[in-house]
Amino acid sequence: MEYFFELFLGGLTRGSIYALIALGYTMVYGIVELINFAHGEIYMIGAFTALIVVGVLTLLGWNQIAILIIAALAAVIWSSAYGFTLEKIAYKPLRKAPRLSALISAIGMSLFLQNYVLLAQTSDFMPFPALIPDFAFMEPVAHIIGSPELVILITTTIVMILLTFLIQFTKIGKAMRATAQDREMAMLVGVDVNRVISMTFIIGSATAAIGGVLIASHIGQINFYIGFIAGIKAFVAAVLGGIGSIPGAVLGSLVLGWTESFFTGYISSDYEDVFAFVFLVLILIFRPAGILGRSTTEKV
Amino acid sequence: MLSNELKKSFLVSLWFMFLTFPIMVIRVNTVENIVEWRWANLLLVGIGSFFVSALWRYMIRRKEEGVQKSESGIDRVTLSQRLLKDRRFTIPALIVTCIVTLVFPFVFSIYQTNIMITAMIYILLGLGLNIVVGVAGLLDLGYAAFYCVGAYSYALLNYHFGLGFWTVLAIGAGLAAMFGIILGFPVLRLRGDYLAIVTLGFGEIIRLIMENWNEFSFGPSGIANIPRPGFFGMEMNIEQATIYIYFLMIGLALFTIFVVNRLQNSRIGRAWIALREDEVACQAMGIDKRKTKLMAFSLGATWAGFAGVVFAAKTTFINPASFTLWESINILCVVVLGGMGSIVGVIVGAFILVLLPEYLRFLSEYRILVYGAVLVVMMVFRPGGIVETTRRTYQYKEIEPEGALLSPTSK
Amino acid sequence: MKNRLGKFLVVSVVGVFMLATGTAMAADTIKLGVAGPHSGDLASYGIPTIKAAELVVKDINAKGGVLGKQVELLVEDDVCKPEVATNTATKLVSEGVHVVLGHICSGATKAALGIYKDSNIPVMSPSATNPALTQSGDYPNFFRTIASDDAQARLEVDFALDVLKLKKIAVLHDKGDYGKGLAEFAKAFLEEDPRAEVVLYEGVTPGAVDYSAVVQKIKRSKADAVIFGGYHPEASKIVSQMRKKRMKTIFISDDGVKDDTFIKVAQKYAEGVYATGPKDVSKNPMAIAANEAHKKTYGADPGAFYLNAYSAAIALLNAIEQAGSTDYAAVTNALRTKDVETPLGKIRFDDRGDAIGVGFSMYQVQKGAYVELK
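Residues numbered from 1 in each chain as written. Chains lettered and ligands numbered in written order. Predicted model: local features only at pLDDT ≥ 70, side-chain atom pairs only at ≥ 80, totals over all residues.

## Notes on the overall build of chain A
No. 1: Scanning chain A from N- to C-terminus turns up 11 helices and 2 strands.
No. 2: In chain A, the succession of helices and strands from N to C terminus is α-α-α-α-β-α-α-α-α-β-α-α-α.
No. 3: Relative to the 2.2 N^0.38 estimate, which gives 19 Å for 300 residues, the radius of gyration of chain A is 19 Å and therefore close to what a compact globule would have.
No. 4: Here chain A holds 300 residues, and the buried ones make up 58% of them.
No. 5: In chain A, of all internal contacts separated by at least 6 residues, the share reaching a separation of at least 24 is 76%. (Helix = DSSP H or I, 4+ residues; strand = E, 2+ residues; numbered from the N terminus. Rg over C-alpha atoms; globule rule 2.2 N^0.38 Å. Buried ≥ 20, exposed ≤ 12 C-beta atoms within 10 Å, placed from the backbone. Contact = placed C-beta atoms within 7 Å.)

Here is the structure:
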């Protein structure tokens, strides 16, 4: 029974990380109908920025908690900046172009950012110090769940709540929902669509950055390629839950995390990715718009 | 105007200096616990972005003007379209291409011939994917799976049953087509990006199975010693074998171009175009959506099967690492960059995408960086690809005094 | 169609004639080809070989070259991809290379060897450890200055059973060519031996977001030790997770992990980890000199496979000198019959191409550094 519980927690941790990235994917898709292939790289840049800040501040001998907070802030600020710039350069000019062209542009930016970090920094795996201290009260259960995992779960929950609050109860949230529903109408009623799109990218990038810092602290190493793999998984999760839907992204991520964890635990780690994809296909056969996706009726 | 431009460029360069500050200026090595400060980079970024942004804005402005012109009804026929239409250009170009193609392997080294063979394999792949993505409008991110099927079918059939190249060429293509149908079934109800992710998943599933099912596929160590195609049982050394494969590929490529061209202009081809334009209207016109989609997937996959068999014969060693998601993306880039739906475009795209990394070798570590940037720039300034599709459309013009009401034009 | 077939036949006949005349190679220099990953994520495994070759060639040229001719280096990148490796090999062959130092990755080497074999070119790798390369007998032109994977696996298993007296072992790998190959050997050796049982045999996905599921599985299997086949990034992640979960499981791995980077990344969790690696040659005077030369010329410590590549370069050029020509049969014969002094010791090559005098030892991380265990 303990084994089941451990796998459950493991899946929950994984799912939380995917969720932080998937949120960005789904928000951007909801507004501009674009698969932002470079989103995984934003996550990676967040992790690297945090690493750089940590490196500098550790050498200066600052207090660990302070370093953690400043590193996280730095990651969020710079990732958002990158997301914002990314949109302006690679996606804005292509708003009227065929969808496929925007996708290729996204792929190009993904390659560019990966190699940019590779060349400006290093190709090696860089250790990331475990910034989250081991809480004393966690000792008795430390062999099941560690302090970093707890922090990840709590942070993800907080982010989710904040995001839902933002989308449902604020003016900018309303503007986002309007733009997602019908961009032209939103423009007609006076919504500054450009600003809304930029805000979406910024918020999505910020959540990914938080994910980057957390996972870097949890796994202990980062390198320029982590964004790609995490990005694909998060994208699958977002689609699984219904792309464009925020609760869907979270649900899809958790489902994916649990699926992988239980499959590895009870069957085999060799085919865990295969199973995840097969699972995805099965879900989509029965619910073509994802678990929580709204199947829109098309008017002709 | 100029001072405005200078001010904007200046602001942009400040922004970029801030943006790239952590990653470009500070290099942290947590293994050695050292921090390196590179202030020179900051200056580089500032100056570079100043000029690049000015250039960028200028190019965007020109693009906007071009778009405005076409929207206001003035026919914008691109240079490539004009060239293709002009007989005086196409005939000599064709002749020159023929001569160059035939003489190529004897003038240039084996290395260059090898590159050409690779380019032609990508032409096959591009044309195949073009059917699925360009003509039928079904976004397929897992095309490399069929490529993998083709390659492994030759490797395994040869290993277990000793079947030769020519026999497997047909079998490999057939197997790939079958897998195309297998992929087609679950995705019949899916649209747009859901379709994309499932095809991506399919591609990964095939590759992962090949990687992990050691008993069947020899796993990550791959299969070696795959024989090259034989010429009536003649023993050939490497140079002769390469030249043989080169001409074989030319034959295959011409065959593919011919078949794909005919397909596009046939009933099924037009059904695909209808499917791409508007799925619902297509159904309303009485076209069997299921059959059309399945045909698109399986016919598209056949070419990947051919290409896979040749790839295995040419490299004589295959392993699953050659058929990853990146490979599917590469083939997609060939199609989109070259010009979706256009055969000439795909050929041009294949050459560029194969030759560019090879000739960019002098840039060594900056190669992929430049490649990514080129993709973005190409898409921003030419979203339709290098050779934009010419489609026969009919345009309503004002009534001319001569009485001609409608005149067919190509737009 | 008929027209095309006719043209094709004529052209190919003409072509064969043209080729038969052959191209004369400039025989003014001895050409040493160096092939491996020089860009991309595996570049750190290939670049040190270039540096080793450069230093050896500089040294030898200063002493008058080989057979009175200067040695020329032809460096080509294969990114560790088989299809690129075949391109690289063809390029080197068409440039008239006499011997090749490379490739680095077993997969790429396998792909390229066919081309070198057809052109009768001896190839020596400093790092391709796949056993089939020499044991299958398919490649009589292949040699290497590193022991093969089955030797490593044998050492790991013998150590686990004879010295540590372990009973339950979990065998893991990173699903890659090198790691999985090693793990398969380890599993086979363990299964042959009645003293121990394999309680788990799994592959971990490199680059995954979280490894807790596999680690839980290890815990549940109650294994005394983990034998891991793969490289240091995955190893450090798994070891860290295991220790964080307060697991005392012993961790034994291969020379992909016997790297100082592993210790620096895993930090305190690296303590106590066992790994096999090439025999310690730090007392060998040639090795000391080679390392000094690298530090002086490039200002940093040498990287992966440096000494193996250095030895390979010396062995190849020495064989040409001993053979008195660049003739394939003479050179390969010299490699097999004449000893040569290298930073790895005095070595020679056996019939299949493995180096005699090069072996593996077991190391353990003690107080933050790898220590060779006798």
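Past the structure itself, the notes keep going.
## Brief notes about the confidence of the model for chain B
No. 1: Across chain B, the average pLDDT comes to 80, with 85% of residues at or above 70.
No. 2: For this predicted complex, the interface score ipTM comes out at 0.82, alongside a pTM of 0.81. (pLDDT = per-residue confidence, 0-100.)

## Side note on the packing of helix α10 (residues 246–266) of chain A against helix α8 (residues 212–221) of chain C
No. 1: Where α10 of chain A contacts α8 of chain C, the two axes come as close as 9 Å, and the packing angle between them is 25°. Looking at the two axes, α10 of chain A sits roughly parallel to α8 of chain C. Here α10 of chain A and α8 of chain C pass one another in a crossing that is right-handed. Together, Ser261, Thr264 and Gly265 of chain A of α10 of chain A and Ala213, Val214, Gln216 and Lys217 of chain C of α8 of chain C make up the contact between the two elements.
No. 2: Tallied by class, the residues present in the contact of α10 of chain A with α8 of chain C amount to 2 nonpolar, 4 polar and 1 charged. (Axes fitted to C-alpha atoms, helices over the stretch in contact; angles between N-to-C directions. Parallel < 35°, antiparallel > 145°, perpendicular 65-115°, else oblique. Left-handed = near helix turned anticlockwise from the far one by under 90°. Nonpolar A, V, L, I, M, F, W, Y, C, P; charged D, E, K, R; others polar.)

## As for the interface of chain C and chain B
No. 1: Taken together, the 32 residues of chain C in the interface contact 29 residues of chain B.
No. 2: Elements supplying a minimum of two residues to the side of chain C that touches chain B: α1 (2–21), α3 (82–94), α4 (106–118), α7 (177–192) and α10 (260–266) of chain C.
No. 3: Among the residues making up the side of chain C that touches chain B, the classes are represented as 9 nonpolar, 14 polar and 9 charged.

## Here we look at the interface of chain B and chain A
No. 1: Contact with chain B, which involves 42 residues of that partner, is made by 52 residues of chain A.
No. 2: If you list the elements that add at least two residues to the side of chain B that touches chain A, you get α2 (21–25), β1 (26–29), α9 (192–212), α15 (325–338) and α17 (367–381) of chain B.
No. 3: Take the side of chain B that touches chain A: its biggest share by element is 10 residues, from α9 of chain B.

## Quick word on unusual backbone geometry
No. 1: The omega angle of the peptide bond from Gly102 of chain C to His103 of chain C is -15°, so this bond is cis rather than trans.
No. 2: The topology assignment puts His103 of chain C in the loop between β3 (99–101) and α4.
No. 3: Despite not being glycine, Thr316 of chain B has its phi angle at roughly 60°, a positive value.
No. 4: With respect to the element layout, Thr316 of chain B can be found in the loop between α14 (289–315) and α15.
No. 5: Overall, Thr316 of chain B belongs to the buried group, with 22 C-beta atoms counted inside 10 Å.
No. 6: We note that Lys222 of chain C has phi near 55°; this positive angle belongs to a residue other than glycine.
No. 7: Tracing the chain through its elements places Lys222 of chain C in the loop between α8 and β8 (225–229).

## Structural notes on the packing of helix α2 (residues 39–60) of chain A against helix α4 (residues 99–120) of chain A
All names here are of chain A.
No. 1: Where α2 meets α4, the closest approach of the two axes is 10 Å, and the angle between their N-to-C directions is 20°. With respect to their mutual orientation, α2 and α4 come out roughly parallel. Judged by the twist between their axes, the crossing of α2 over α4 is left-handed. Facing α2, whose interface residues are Glu41, Met44, Ile45 and Phe48, α4 presents Ser110, Leu113, Gln114 and Val117.
No. 2: For the contact of α2 with α4, the per-class residue count stands at 5 nonpolar, 2 polar and 1 charged.

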